[in-house]
Amino acid sequence: MSAPEARALYRAFLRHAQHFGTSYNIKEYVKRRAREGFTEAQAVTDSAELARVWEQGRQQLEVVRRQSIVYGLYSRRHRHAMDLLKQEGSPAR
């Protein structure tokens, strides 16, 4: 796994977090878990362990992709108030 591949995987997590529509909590959870997972993975130096962590990250991305599709089928269609605040540029409290 190279640095550009790791960045691409991280960006994919962030991109798919946006597919959760109106659920601010789920979007933020996915972003937070991605950030935490990549922070933990920075300390890994063993190549076998790195391969395991990489595969685990790919599997988690697939879970996020599937869940975002399912969530899109059953979610509400209006925006969440926190998303509206972010769009207007108002500081969130």
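What you are looking at is a predicted structure, and each value in this text was computed from that prediction instead of being measured. Residue positions within a chain follow its written sequence, with the count starting from 1. Per-residue local features of the predicted model are confined to residues with pLDDT of at least 70, and side-chain atom pairs are confined, for both listing and counting, to 80 or more; whole-chain, interface and lining totals are unaffected and use all residues. Just so you know, side-chain values use all the structure's heavy atoms and leave hydrogens and water out.

### What about the pattern of salt bridges?
For clarity, the threshold we go by: Definition used for salt bridges: Asp or Glu carboxyl oxygen within 4 Å of a side-chain nitrogen of Lys or Arg. Here a helix means four or more residues in a row that DSSP labels H or I, a strand means two or more in a row labelled E, and each is numbered from the N terminus. Accessibility here uses a 1.4 Å probe with only protein chains present; expressed as a share of the type maximum, an area under 20% marks a residue as buried, one over 50% as exposed, and anything in between as partly exposed.
Summed over all chains, the structure comprises 5 salt bridges. A salt bridge links E28 to K31; its shortest N-O distance comes to 3.4 Å. Of the two residues, E28 and K31 are both situated in helix α2 (residues 24–41); the distance of 3 residues between them amounts to about one turn of the helix. What makes E28 partly exposed here is its relative accessible area of 24%. Each of R32, R33 and E36 takes part in a single network of salt bridges with overlapping partners.

### Points about the nonpolar core
Quick note on the threshold: Residues grouped as a nonpolar core are buried Ala, Val, Leu, Ile, Met, Phe, Trp, Tyr and Cys residues, joined through side-chain atoms within 4.5 Å. Residue contacts are defined here by distance: any two heavy atoms, one from each residue, within 4.5 Å place the two residues in contact.
In terms of nonpolar packing, the biggest core is built from 9 residues, these being L9, A12, F13, A17, F20, V30, A34, L61 and V64. At the level of elements, α1 (3–17), α2 and α3 (47–74) are the ones that each hand at least two residues to this core. If you tally residues by element for this core, the top one is α1, at 4 residues. Those residues in contact with V30 that lie beyond four places of it in its chain are F13, A17, F20 and V64.

### Quick word on the packing of α1 against α3
What counts, and what does not: Structural elements are reduced to axes, namely lines fitted to C-alpha atoms, with helices fitted over the stretch in contact, and the angle between N-to-C directions of any two is expressed from 0 to 180 degrees. Throughout this description, any angle smaller than 35 degrees is read as roughly parallel, any larger than 145 degrees as roughly antiparallel, any in the 65 to 115 degree range as roughly perpendicular, and the remainder as oblique. By convention the crossing between two helices is left-handed if the near helix lies anticlockwise of the far one by an angle smaller than a right angle, and right-handed if it lies clockwise. Only Asp, Glu, Lys and Arg are considered charged in this grouping, and only Ala, Val, Leu, Ile, Met, Phe, Trp, Tyr, Cys and Pro are considered nonpolar; every other residue, Gly among them, is considered polar.
Axis separation between α1 and α3 bottoms out at 10 Å; the angle between their running directions is 20°. Here α3 runs roughly parallel to α1, going by the angle between their axes. Between α1 and α3 the crossing geometry is left-handed. Contact residues: α1 offers E5, A6, L9, A12, F13 and H16, while α3 offers W54, G57, R58, Q60, L61, V64, R65 and S68. A per-class count over the contact of α1 with α3 returns 7 nonpolar, 4 polar and 3 charged.

### Some details on the confidence of the model for the chain
Under the convention used in this document: For every residue, the predictor states its confidence as a pLDDT score lying anywhere from 0 to 100.
In this model, the chain carries a mean pLDDT of 83, and residues with pLDDT of at least 70 account for 81%. Within the chain, the lowest mean pLDDT, 69, falls on helix α4 (residues 81–88), and the highest, 90, falls on α2.

### Considering α2
Counting along an α-helix, one turn takes 3.6 residues, and residues three or four places apart therefore face a common direction. The cut-off we apply is this: Expected span of a helix, by definition, is 1.5 Å for each gap between consecutive residues, and there is one gap fewer than residues. The arc in question is formed by the directions pointing from the helix axis toward the C-beta atoms.
Between its first and last C-alpha atoms α2 spans 26 Å; for 18 residues at 1.5 Å apiece the expected length is 26 Å, and the two agree. The set of residues buried in α2 consists of Y24, K27, V30, K31, A34 and A41. For α2, the arc enclosing every buried residue in end-on projection is 150°, short of the 170-degree limit, so these residues lie on one face. Across α2 from its buried face, at more than 90 degrees, point the exposed residues N25 and E40.

### Focus on a nonpolar patch on the surface
Note the threshold: Patches in this entry comprise residues that are over 30% relatively accessible and not in a salt bridge; like charges within 9 Å are linked, as are nonpolar side chains (Val, Leu, Ile, Met, Phe, Trp, Tyr) within 5 Å. Residue burial considers only the protein chains on display, and all accessible areas are found by Shrake-Rupley using a 1.4 Å probe.
Residues I69, V70, L73 and Y74 make up a contiguous nonpolar surface patch of roughly 480 Å² in combined accessible area. Looking at L73, the relative accessible area reads 58%, which means it is exposed.

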